[in-house]
Amino acid sequence: MIKLAASILSADFSKLGEEVRTLDEAGADFIHIDIMDGNFVPNISFGIPVVRDIRKHTKLTFDVHLMIEEPSKYVEQFVKSGADIITVHYETDRHIDRTLNYIKSFGVKAAVAINPGTPVNMIKNLLTTADMVLIMSVNPGFGGQKYIDYSYDKIREVKKYADEIGRDILIEVDGGVDSTNIKKVVEAGANVVVAGSAVFKNGDIKKNIELLKGSI
């Protein structure tokens, strides 16, 4: 079953708890939480206290995407704050295999993300450990960017490697996905699709989620 991960980076931060409750009621499957430190990516979003506070508003899966330097330092705190999946970037962790196993030691799912310019074969060996691969289909740091078309090939490549080793892992795609391309993203092999702007545009979350799910 395809999962829709609603990215709260596009939400109204002044009423974030309410927005999260609306996502839950509207049929989102995951809450995608982008943590940015202003170093690894050129933007700052929010941190551990926000994750902890919005956890009170829903039981949906918290898909926490760490776009930060030295992510292993913060894993335990994010777990305690309510994370169900923690994603770390290949590009920012010198000991990525160790970090993935460290995440899993807390009983949550571990994921590895790659930027648009990072070849899939760089994480091939990690597919025996990772529960999910996140393919960035835009350059990370800001919402509302245009989907990068070569991402389709990267999705297919991850799916091929996973099939070869017999692992039914989650393949997530993040960036520029909307009702015009979500079907093609899923057909390429993705089973978790992140959408931010496409979920929150015009303020009609329920209608937007219905449109996205209906377009698959």
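Residues numbered from 1 in each chain as written. Predicted model: local features only at pLDDT ≥ 70, side-chain atom pairs only at ≥ 80, totals over all residues. Heavy atoms only, no water.

In terms of nonpolar packing, the biggest core is built from 64 residues, with Ile-8, Leu-23 and Ile-33 touching the most fellow members. It is helix 5 (residues 151-164) that provides the largest number of residues to this core, a total of five residues. Residue contacts for Leu-23: discarding those within four places in its chain leaves Ala-6, Ile-8, Ala-28, Ile-31, Leu-60, Val-199, Phe-200, Ile-205 and Ile-209. Among the nonpolar cores identified, the runner-up in size contains seven residues, and Ala-5, Phe-30, Ile-85 and Ala-111 belong to it. (Core = buried A, V, L, I, M, F, W, Y, C linked by side-chain atoms within 4.5 Å. Buried < 20%, exposed > 50% of the residue type's maximum accessible area, 1.4 Å probe, protein only. Helix = DSSP H or I, 4+ residues; strand = E, 2+ residues; numbered from the N terminus. Contact = heavy atoms within 4.5 Å.)

Here we come to the layout of surface pockets. For the largest pocket, the calculated volume is near 290 Å³. Where the lining of the largest pocket is concerned, the elements lending two or more residues are strand 2 (30-36), strand 8 (192-195) and helix 7 (197-200). Partitioning the lining of the largest pocket into residue classes produces 11 nonpolar, 11 polar and three charged. A volume near 220 Å³ is recorded for the second largest pocket. The wall of the second largest pocket is formed by Glu-69, Glu-70, Pro-71, Ser-72, Lys-73, Thr-92, Asp-93, Arg-94, His-95, Arg-98 and Thr-99. Tallied by class, the residues present in the lining of the second largest pocket amount to one nonpolar, four polar and six charged. (1 Å grid on protein atoms, 1.4 Å probe; cavity = no way out; pocket = protein on both sides within 12 Å on 5 of 7 lines; lining within 4 Å. Points joined across faces, edges and corners; volume = space filled by probe spheres on them. Nonpolar A, V, L, I, M, F, W, Y, C, P; charged D, E, K, R; others polar.)

Once that is clear, we can look at the UniProt feature "binding site: substrate" (unreviewed entry) in the protein chain. UniProt records the feature "binding site: substrate" (unreviewed entry) for Ser-7, His-65, Gly-141, Phe-142, Gly-143, Gly-144, Asp-174, Gly-175, Gly-176, Gly-196 and Ser-197 in the present numbering. Checking the annotated residues one by one, the ones that line the largest pocket turn out to be Ser-7, Gly-141, Phe-142, Gly-143, Gly-144, Asp-174, Gly-175, Gly-176, Gly-196 and Ser-197. According to the relative accessible area criterion, Ser-7 is buried, its value standing at 5%. Non-local contacts of Ser-7, meaning those with residues more than four positions away in its chain, are made with His-32, Asp-34, Val-194, Ala-195, Gly-196 and Phe-200. Relative to the helices and strands, Phe-142 resides in the loop between strand 6 (132-136) and helix 5. For Phe-142, a relative accessible area of 44% puts it in the partly exposed group. Those residues in contact with Phe-142, other than ones at most four positions away along the chain, are Met-36, Pro-42 and Asn-43. (UniProt positions renumbered as here; feature names shortened; annotations may be inferred.)

Here the focus is the sheet that holds strand 2. Strand pairing within a sheet occurs via backbone hydrogen bonds; the two strands may be parallel or antiparallel. Pairing in this closed barrel of eight strands is parallel, and the strands run 1-2-3-4-5-6-7-8 around the ring. Averaged over neighbouring strand pairs, the angle between their axes works out to 25° when direction is ignored. Note that strand 4 (residues 85-89) and strand 5 (residues 109-114) share five bridges and pair parallel. Along strand 5, the bridge assignment pairs Val-88 with Val-112. Strands strand 4 and strand 5 of the sheet are contacted by helix 4 (residues 96-104), whose axis makes an angle of about 150° with strand 5. (Pairing = 2+ DSSP bridges. Axes fitted to C-alpha atoms, helices over the stretch in contact; angles between N-to-C directions.)

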